[in-house]
Amino acid sequence: MRAPRTVDLDVVRALTRHDLTAVRRSPAVIIPILVLPLFLLVLLPLSIGIAARNPDMSVDRYLDLLPGRLADPIEALPDSERLIVLVLGYLIAPMFLIVPLMVSAVLAADSFAGEKDRRTLETLLHSPVRDRELYLAKLASAFVPALLVSWVGFAVFAVVANLVGWGILHRVFVPTGRWLVLILWVSPASAALGLGIMVRVSMRARNTQEAQQLGGAVVVPLTVLAVAQASYLLLYPVAVSLGVGLAVWLVAIALNARGAALFTRDRMASRL
Amino acid sequence: MDVGAISSRGLSRAFASGPALVDLDLDVGSGQVLALLGPNGAGKTTTVRLLNGILRPDAGTATVLGLDPWADGEAVRRRTGVLTEQAGLDERFTAMENLVLAARLRGFSADEGRRRAGDLLERLGMGDRVDTVVQGFSTGQRKRVALARALLHEPDLLFLDEPTSGLDPSATKGVVEMIADLAREHGRTVVLCTHFLGEAGRLADRMAVLFHGRLQAEGTPAEIARRLWGTRRTEVDLGHAATPEVVALLARVPGSEAVEATDTGIAFEADERAVVADAVATLVGSGRAVFGVHTHEPTLEDVYFAVEARALRGDDAEVTA
């Protein structure tokens, strides 16, 4: 047997691997986390992109609504390129905040509250696993897939967007530097935020369904906020995206740190 | 010196719904099998959770295997095995996968976990279901797999919480026999929480009875019976009702009490077995034929229901040996 350490990473890995395998074997969990990104990150851009190839459609009215000089990068493009660049290069951006937020929320509910449904939590509590190891494993098993779905989804989206736009643009227009900041910095923060919310909610909830209902009350407004604001992140200077990402990270870290402090055996065993 | 496997003093815990355990004083020696008895909600599961360090006591102290279960919970749990009332197996995984995870969480390699799990599942009659997904298992099969998981690391102390609940009589018999084997081997200490008196009677050296979170009685059934009733009644078959002369003869035997004639002989009460031997010797020595002697030994059930009756009457005085 191994000698005990403060956090035994082998234990964390074993628990995380177990949870990830469990997700793969649960149609009720795996289907939503695959179908939602497939629709939002692939099928929706594909269909919108094909529609946006219509050279007769004008985006001038929309661009006029943008404040200040935000529309400059699009207005600098030839008329034929404006619509497809606007739609696939900017308007689809919120999906890359929504998807990790929702995937991490779904998985966190299954990972934390699901143990109560499956009546497996007490067994875990009676094992010598430390509270911190259990918490880290649960975080990882929700965060890593959310990140993977987001990144793989973006890679597929980039291919689809460039294929759809190739006939008009004759160049690769996604990803840009701003896109990379969104995907590598803001999108993981969004996943961490969803996680932080659902961890807190799941610890209070009696089962997954209750966790999802309670979590939905918080996640849905955040989703609306993301839809409303994320497109602008690609129009503002990179520093704005970095700043917004930092703010989301700080809130997410605060929520998760508080969650970790509350994640104690006594608290969990008291609610069995 | 044997410091005992479990010792608690004034152990208490309350939840929002009210007190779950109040001032528990309990001692269990190494190698003993203790039956923790009581109806649902009596505090049995809370006791196990406190002793295994997954709940923090509101008051009182406990020592388990020489360690404080709350302060040294991880070390305690490395040496204990728990069979929870719900088997707690992940239904999406096979029996082997469930056990290998448990082994990994206890610091064993996956290979070592597979070896131990395979051996135990074979021994518990689940050798042919090792790679079957748990979802299709009966309650009895789940209990067996969960029992194997509790034994993977060869614990010094086993907590078995309602090990036969939900089992049919045949499966119950099998699990009880398994537990008896487990208790015998390696002098392992077992705390058996149950409200099935039959299995407790078969397995336990000592019993502790909880009602509404309070310990009502603790000791061997005989010890508790002595506390409850003081003496045991013995009936001697003389082939006919004893004469007043015989009654007087027995009344002179030191330790005999409440001597009376019965339809078939004579009856008396005594608190020591030696008094019975003296009484029989006296009868035989005086030329009386003795056809049979029956001392009423209270069963665990007799004791349990007597303790329960006291608890229901509100008599909170603890019956301890």
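Residues numbered from 1 in each chain as written. Chains lettered and ligands numbered in written order. Predicted model: local features only at pLDDT ≥ 70, side-chain atom pairs only at ≥ 80, totals over all residues. Heavy atoms only, no water.

Asks: Provide a residue-level description of the overall build of chain B, including the pertinent values.
Replies: Broken down by element type, chain B carries eleven helices and 14 strands. Here chain B holds 321 residues, and 53% of them are scored as buried. Taking the contacts inside chain B whose residues are at least 6 apart along the sequence as the reference set, 69% of them involve residues at least 24 apart. In the form shown here, chain B has an accessible surface area of approximately 13700 Å², with 49% of it arising from carbon and sulfur atoms. For chain B, the distance from the average position of its 35 positive side-chain charges to the average position of its 47 negative side-chain charges is 5 Å. (Helix = DSSP H or I, 4+ residues; strand = E, 2+ residues; numbered from the N terminus. Buried < 20%, exposed > 50% of the residue type's maximum accessible area, 1.4 Å probe, protein only. Contact = heavy atoms within 4.5 Å. Areas by Shrake-Rupley, 256 points an atom, 1.4 Å probe, with all protein chains shown as cover. Lys, Arg positive; Asp, Glu negative; His and termini not counted. Charge placed at Lys NZ, Arg CZ, Asp CG, Glu CD.)

Asks: Outline the pairing of strand β9 (residues 214-219) of chain B, listing residues and values.
Replies: Looking along a regular strand, one sees side chains alternate from face to face of the sheet. Residue and element names in this part refer to chain B. The buried count for β9 comes to five of six residues, which makes it a mostly enclosed element. Here strand β8 (residues 206-211) runs beside β9; their pairing, made up of five bridges, is antiparallel. Bridge assignment links Leu-210 to a residue of β9, and that residue is Leu-215. Count of turn residues in the β8/β9 antiparallel hairpin: two residues, of which His-212 carries a positive phi of about 50°. (Pairing = 2+ DSSP bridges.)

Asks: Kindly report on a nonpolar patch on the surface, identifying the contributing residues and their values.
Replies: Residues Leu38(A), Phe39(A), Leu43(A), Leu46(A) and Ile50(A) make up a contiguous nonpolar surface patch of roughly 440 Å² in combined accessible area. Here Leu46(A) lies in helix α2 (residues 27-51). (Patch = residues over 30% accessible without salt bridge, like charges linked within 9 Å, V, L, I, M, F, W, Y side chains within 5 Å. Salt bridge = Lys/Arg side-chain N within 4 Å of Asp/Glu carboxyl O.)

Asks: Explain the environment of Thr220(B) to me, using residue names and the numbers behind them.
Replies: All names here are of chain B. Here Thr-220 shows up in the loop between β9 and α8 (221-229). Residues Thr-220 and Arg-206, 14 residues apart in the sequence, show an inter-C-alpha distance of 4.3 Å. Filtering out sequence-adjacent residues up to four positions away, Thr-220 remains in contact with Asp-205 and Arg-206.

Asks: Go over the nonpolar core, please, and point to the residues and values.
Replies: Core analysis: the largest hydrophobic core is formed by 117 residues, its most contacted members being Phe96(A), Phe157(A), Trp179(A), Leu182(A) and Ile6(B). The leading source of residues in this core is helix α8 (residues 131-169) of chain A, at 17 residues. The residues contacting Phe157(A), other than those within four sequence positions of it, are Leu41(A), Pro45(A), Leu88(A), Ile92(A), Phe96(A), Val174(A) and Trp179(A). Counting residues in hydrophobic clusters, the runner-up holds 56 residues, among them Leu99(B), Val130(B), Ala146(B) and Met178(B). (Core = buried A, V, L, I, M, F, W, Y, C linked by side-chain atoms within 4.5 Å.)

Asks: Hey, could you go over the packing of aromatic side chains for me, with residue numbers and the actual values?
Replies: All names here are of chain A. Counting across every chain of the model gives 13 aromatic pairs over all chains. Measuring from centroid to centroid gives 5.4 Å for Phe-96 and Phe-154, while their planes differ by 80°, and the two rings are edge-to-face. Separated by 58 residues along the polypeptide, Phe-96 in helix α6 (residues 95-117) and Phe-154 in helix α8 bring together distant segments of the chain. Look at Phe-96 and you get buried, because its relative accessible area is 1%. In this structure Phe-154 comes out as buried when scored by relative accessible area, which is 7%. (Phe/Tyr/Trp six-rings, centres within 6.5 Å; stacked < 30°, edge-to-face > 60°.)

Asks: Go over a positive patch on the surface, please, and point to the residues and values.
Replies: Residue and element names in this part refer to chain A. A cluster of basic residues, Arg-204, Arg-258, Arg-267 and Arg-271, forms a positive patch at the surface. For Arg-204, the location among the structural elements is in helix α9 (residues 177-204). When its relative accessible area of 57% is taken as the criterion, Arg-204 is described as exposed.

Asks: Could you give me a rundown of the sheet that holds strand β13 (residues 292-295) of chain B, with the residues and numbers involved?
Replies: All names here are of chain B. Strand order in the open sheet formed by four strands is β11-β12-β10-β13, with antiparallel pairing between adjacent strands. In this open sheet, the two strands that pair with only one neighbour each are β11 (257-261) and β13. Across the sheet, the mean angle from the axis of one strand to that of its neighbour is 15°, orientation sign disregarded. Lying over the sheet, helix α10 (residues 273-285) contacts β10 (232-237), β12 (265-270) and β13, oriented at roughly 150° with respect to β12. (Axes fitted to C-alpha atoms, helices over the stretch in contact; angles between N-to-C directions.)

Asks: A description of the interface of chain B and chain A should follow, citing residues and the corresponding values.
Replies: Of the residues lining the interface, 31 residues belong to chain B; the matching set on chain A comes to 30 residues. Regarding the contact of chain B and chain A, the summed buried area is about 2900 Å², with carbon and sulfur atoms giving 57% of it. Three residues, Ile54(B), Arg92(B) and Leu105(B), lead the burial of chain B against chain A; their summed loss comes to 25% of the area buried on that side. On the surface where chain B and chain A come into contact, there are four salt bridges. (Buried area = accessible area lost by both parts, 1.4 Å probe.)

Asks: Which residues make up the packing of helix α5 (residues 79-91) of chain A against α8(A), and what values do they have?
Replies: Residue and element names in this part refer to chain A. Contact pair α5 / α8: the axes reach a minimum separation of 10 Å and the direction vectors enclose 175°. Judged by the inter-axis angle, α5 sits roughly antiparallel to α8. Judged by residue contacts, Ser-80, Glu-81, Ile-84, Val-85 and Leu-88 of α5 engage Phe-157, Ala-161, Val-164, Gly-165, Ile-168 and Leu-169 from α8. For the contact of α5 with α8, the per-class residue count stands at eight nonpolar, two polar and one charged. (Parallel < 35°, antiparallel > 145°, perpendicular 65-115°, else oblique. Nonpolar A, V, L, I, M, F, W, Y, C, P; charged D, E, K, R; others polar.)

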